[in-house]
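Structural overview for review
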Amino acid sequence: MEIAEYSYKVPSVANTQALAITTSTASSAAIHATSAVIKSTVDCFIIRSATAGASTAATTACLPITSGVPYRVWGWQAGDKLSAITASGSGTLYITPDA
């Protein structure tokens with residue numbers, strides 16, 4: 001039996017983005033934090049914007065994310081965007097800054 005523990009900092013404001021993702025690149029709004037917790041309803045691939053405020057196209061060569069698993073991601077500057085794509089189908093990528 002696999003046991004997993006997830007811990008999060010509960011945000012003081014409702015700031016989760018629900019990004020609709022498909023086989024075409026989708027980009028979030030600017031994320032005004034340097035880390036976030038993400039969770040996708042489908043397997044997908046993500047990349048952060050290379051330039052603050054800009055969007056970078058996601059491809060299936062980007063970082064793979066398994067559906068249903070929460071990930072803490074970091075490594076960008078406040079104001080950057082996150083882009084995602086699926087290999088097939090569609091779903092939602094939830095992005096919660098500073099969680």
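Let me sum up the structure you'll find in this document. Note that the structure is predicted; figures quoted are calculated from it, not measured.

Brief notes about the state of the cysteines
In protein structure, a disulfide is the covalent linkage between the sulfur atoms of two cysteines. Counting across every chain of the model gives 0 disulfides. Not part of a disulfide, Cys44 finds its nearest cysteine sulfur in Cys62, a span of 10 Å. Looking at Cys44, the relative accessible area reads 1%, which means it is buried. When its relative accessible area of 14% is taken as the criterion, Cys62 is described as buried.

Here we look at the nonpolar core
Ile21, Ile38, Ile46, Leu82, Leu93 and Ile95 are the most contacted members of the largest nonpolar core, which has 17 residues in total. Once residues lying within four places of it in the same chain are set aside, the contact partners of Ile95 are Asn15, Thr16, Gln17, Leu19, Ser28, Ile31, Ala36, Val37, Ile38 and Leu82.

Topic: the pattern of salt bridges
Tallied over the full model, the rule gives 1 salt bridge. The shortest N-O distance in the salt bridge between Asp80 and Arg48 comes to 3.6 Å. Linking Asp80 in the loop between strand 6 (71-74) and strand 7 (82-85) with Arg48 in strand 4 (residues 44-48), this pair joins segments that are 32 residues apart in sequence. Owing to a relative accessible area of 4%, Asp80 belongs among the buried residues under this scheme. Assessed through its relative accessible area of 37%, Arg48 is described here as partly exposed.

Side note on the sheet that holds strand 7
Across the sheet, 4 strands lie side by side as 2-7-4-5; this open sheet has antiparallel pairing. One side of each edge strand has no neighbouring strand; the edge strands of this open sheet are strand 2 (26-27) and strand 5 (63-65). Bridge count for strand 4 against strand 5 is 3 bridges, and the pairing is antiparallel. Bridge pairing in strand 5 links Phe45 to Pro64.

So, the sheet that holds strand 1 (residues 17-21)
Taken in spatial order, the 4 strands make up an open sheet running 1-8-3-6, and their pairing is antiparallel. With partners counted over all chains shown, the strands left at the sheet margins are strand 1 and strand 6, one partner each. With strand direction ignored, the average angle separating the axes of adjacent strands in the sheet is 30°. Bridge count for strand 3 (residues 35-40) against strand 6 is 4 bridges, and the pairing is antiparallel. Within strand 6, the position partnered with Val37 by the bridge is Arg72.

Scoring rules and cut-offs
- Residues numbered from 1 in each chain as written.
- Predicted model: local features only at pLDDT ≥ 70, side-chain atom pairs only at ≥ 80, totals over all residues.
- Heavy atoms only, no water.
- Disulfide = S-S within 2.5 Å.
- Buried < 20%, exposed > 50% of the residue type's maximum accessible area, 1.4 Å probe, protein only.
- Core = buried A, V, L, I, M, F, W, Y, C linked by side-chain atoms within 4.5 Å.
- Contact = heavy atoms within 4.5 Å.
- Salt bridge = Lys/Arg side-chain N within 4 Å of Asp/Glu carboxyl O.
- Helix = DSSP H or I, 4+ residues; strand = E, 2+ residues; numbered from the N terminus.
- Pairing = 2+ DSSP bridges.
- Axes fitted to C-alpha atoms, helices over the stretch in contact; angles between N-to-C directions.

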